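Listed below, chain by chain, are the residues.
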Amino acid sequence: DGGITQSPKYLFRKEGQNVTLSCEQNLNHDAMYWYRQDPGQGLRLIYYSQIVNDFQKGDIAEGYSVSREKKESFPLTVTSAQKNPTAFYLCASSISSHSGANVLTFGAGSRLTVL
Amino acid sequence: GESVGLHLPTLSVQEGDNSIINCAYSNSASDYFIWYKQESGKGPQFIIDIRSNMDKRQGQRVTVLLNKTVKHLSLQIAATQPGDSAVYFCAENWAGNQFYFGTGTSLTVIP
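Residues numbered from 1 in each chain as written. Chains lettered and ligands numbered in written order. Predicted model: local features only at pLDDT ≥ 70, side-chain atom pairs only at ≥ 80, totals over all residues. Heavy atoms only, no water.

Draft legend 1. Region of interest: the overall build of chain A. A count of helices and strands for chain A gives zero helices and eleven strands. Shown N-terminal to C-terminal, the secondary structure of chain A runs as helices and strands in the order β-β-β-β-β-β-β-β-β-β-β. For 115 residues, the compact-globule estimate of 2.2 N^0.38 gives 13 Å, and the C-alpha radius of gyration of chain A, at 13 Å, lies within 12% of that figure. If you line up chain A on its principal axes, its C-alpha atoms span 40 × 30 × 30 Å. Going through the 115 residues of chain A one by one, you find that 51% of them count as buried. Considering only residue pairs separated by 6 or more positions, chain A has 54% of its internal contacts joining residues 24 or more positions apart. Here chain A displays about 5500 Å² of accessible surface, and carbon together with sulfur accounts for 48% of that area. If the 11 positive side-chain charges of chain A are averaged to one point and the 10 negative ones to another, these points end up 7 Å apart. (Helix = DSSP H or I, 4+ residues; strand = E, 2+ residues; numbered from the N terminus. Rg over C-alpha atoms; globule rule 2.2 N^0.38 Å. Buried < 20%, exposed > 50% of the residue type's maximum accessible area, 1.4 Å probe, protein only. Contact = heavy atoms within 4.5 Å. Areas by Shrake-Rupley, 256 points an atom, 1.4 Å probe, with all protein chains shown as cover. Lys, Arg positive; Asp, Glu negative; His and termini not counted. Charge placed at Lys NZ, Arg CZ, Asp CG, Glu CD.)

Draft legend 2. Region of the structure containing the sheet that holds strand 7 (residues 72–77) of chain B. Residues and elements named next belong to chain B. With antiparallel pairing, the four strands of this open sheet are ordered in space as 2-7-6-5. Each having just a single partner strand, strand 2 (19–24) and strand 5 (56–58) make up the two edges of the open sheet. If you compare each strand with its neighbour and ignore which way they point, the axes differ by 15 degrees on average. Direction of pairing for strand 6 (residues 62–67) relative to strand 7: antiparallel, over a ladder of six bridges. Paired with Val-62 across the strands is Ile-77, a residue of strand 7. (Pairing = 2+ DSSP bridges. Axes fitted to C-alpha atoms, helices over the stretch in contact; angles between N-to-C directions.)

The quantities given are spatial measurements derived from coordinates; they are silent on function.
Dropping the structure here:
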């Protein structure tokens with residue numbers, strides 16, 4: 001079955017540590033996205049990538065980094081510079097980000113808790 | 001039952017009744033809209049979409065209505081079932097590459 005796989009589902013981090021969340025898709029989608037979800041708020045865009053080896057900052061990129069070395073993979077690193085990293089992180093993909101009217105397909109999410 | 005945009009983020013309905021979930025979107029240039037359903041601890045699932053050149057679109061038990069004049073989107077769920085209990089988000093899209101999401105409405109179906 002085609003889809004998006006996020007791992008780990010749950011992750012605990014000590015303050016000062018960097019952690020990397022994995023996102024893999026086998027949908028052959030060009031565009032990939034990372035969103036952060038906090039209680040009572042809409043999804044907020046962290047980073048997105050329209051093509052391999054290219055990515056752009058979203059609305060809340062500070063304290064995060066990404067890479068897009070392969071079409072299928074878009075890992076997100078939450079660095080120690082992120083002041084409030086406890087949240088639910090969602091990875092998504094779409095066929096293309098240029099032509100519009102493209103449905104975002106989401107993974108199951110990764111819940112990060114800072115101890 | 002009916003929710004009123006972002007001011008009433010919860011909606012409770014009796015099983016079998018129809019549900020109406022509302023969304024006020026922000027950008028008059030938005031040309032594509034999607035409704036997502038999100039169950040607790042899971043990622044959002046696509047329900048139905050609509051382009052700005054349409055006023056209404058129907059799916060299986062769901063209907064989306066778009067009123068561009070007042071920048072309003074609604075999701076109607078017919079004969080609501082316990083499995084419909086979830087948070088529902090609207091998303092608007094313009095310029096192709098980014099979506100903006102509402103805060104969501106939590107729907108609870110009472111058996």
